[in-house]
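# Commentary on secondary and tertiary structure
Spelled out from the first residue to the last, the chains are:
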Amino acid sequence: MKTALLTFTVLLISINFSTAQFSQEPLPYAFNALEPFIDAQTMEIHYTKHHAGYVAKLNEALKETGMENCGDMSVIFSNMSKYSSVIRNNAGGHFNHTLYWKILTPDTSVKPSAKLLKAIEVDFKSMDEFKNKLNKEAAGRFGSGWAWLIVTPENKLAVVSTPNQDNPLMSDSPVKGTPILGIDVWEHAYYLKYKNKRADYLQAIWNIINWETVSKLYDEAMLK
Ligand code: MN3
């Protein structure tokens, strides 16, 4: 009986330890759904190779360091400097892409909530000024990285950018806040269709922003 219980316990522990901590959510639309603004091949490679790669490498790195049961992503981000650069890059990569898929939509008719629109007008003067500011930040990010609309700790909206797969939730990020919209400006996000013309990708992406999701994330961030 004791042996059986021990075997059962060992089995439970081994199942627990072999469970991958993080996984990709299904893409909420087809690979070709964002055409012509983002092409199907880019979406497929981006989701099944790049994002999937970040998740696999993150789980592997956590397992190697015995940290696979460290908790959720916020635990990693709030203690960022304690983790290796492999965990940093791949945890960021997983979180950032999960947000990116969510804030895009094939439905080109969605609008921001009245509350979010008001906040954008207060903090950036107008929707156009906001878009220009974000595009400028995204175009100006040298090399690979992200441009964000964040809710700051003071509950203001701000446009910032971060290098590589960093984001404003990381405890050692020079810009801090809750991202509610993130634009991937790595070349893998646009190069097949737009080649070197990052600015064209940045113009096109405004057609497919899921303002419903961004508005919901804004409400959630304001409650924090
Ligand atoms: Mn990417």
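Computed from a predicted model, the values in this text were never measured in an experiment.

### A word on the sheet that holds strand β2 (residues 157–163)
Here 3 strands make up an open sheet; going across it, the order is β2-β1-β3 and the pairing antiparallel. One side of each edge strand has no neighbouring strand; the edge strands of this open sheet are β2 and β3 (178–184). Taking the axes of each pair of neighbouring strands and ignoring which way they run, one obtains an average angle of 25 degrees across the sheet. Of the strand pairs in this sheet, strand β1 (residues 145–151) and β3 are connected by 6 bridges, and their pairing is antiparallel. Counterpart to valine 151 in the pairing with β3 is threonine 178. Each of β1, β2 and β3 is contacted by helix α9 (residues 211–223), which is oriented at about 145 degrees to β3, the strand it contacts most.

### Focus on the confidence of the model for the chain
Confidence in the prediction of the chain, expressed as mean pLDDT, is 92, and 91% of residues score 70 or more. Note on residues 1–18: pLDDT under 50 across the span, and 5 contacts to partners over four residues away in sequence or across chains.

### Notes on unusual backbone geometry
Cis rather than trans, the peptide bond between glutamate 35 and proline 36 has omega equal to 0 degrees. In the Ramachandran plot, lysine 125 falls in the positive-phi region, its phi being about 80 degrees despite a non-glycine side chain. Summarising the element assignment, lysine 125 is placed in the loop between α5 (114–124) and α6 (127–140). Given a relative accessible area of 69%, lysine 125 falls into the exposed group. A positive phi is found at lysine 195, a non-glycine position, where the angle reads about 55 degrees.

Reading the values: the criteria
- Counting restarts for each chain, with residues numbered from 1 along the sequence as it is written.
- Where local features are concerned, this predicted model is filtered to residues with pLDDT of at least 70; where side-chain atom pairs are given and counted, the filter is 80 or more; whole-chain, interface and lining totals use all residues.
- As a convention, hydrogens and water are excluded, and side-chain values are obtained from all of the structure's heavy atoms.
- DSSP bridges decide pairing: two strands pair if at least two such bridges lie between them.
- To qualify as a helix, a DSSP run of H or I must reach at least 4 residues; to qualify as a strand, a run of E must reach at least 2; elements of each kind are numbered from the N terminus.
- Here an angle of 0 to 180 degrees is reported between the N-to-C directions of two axes, which are lines fitted to C-alpha atoms, with helices fitted over the stretch in contact.
- Note on contacts: a residue pair qualifies if any of its non-hydrogen atoms lie within 4.5 Å across the two residues.
- pLDDT expresses how confident the predictor is about each individual residue, on a scale running from 0 to 100.
- We call a residue buried when its accessible area falls under 20% of the maximum for its residue type, exposed when it is over 50%, and partly exposed in between, using a 1.4 Å probe and counting protein chains only.

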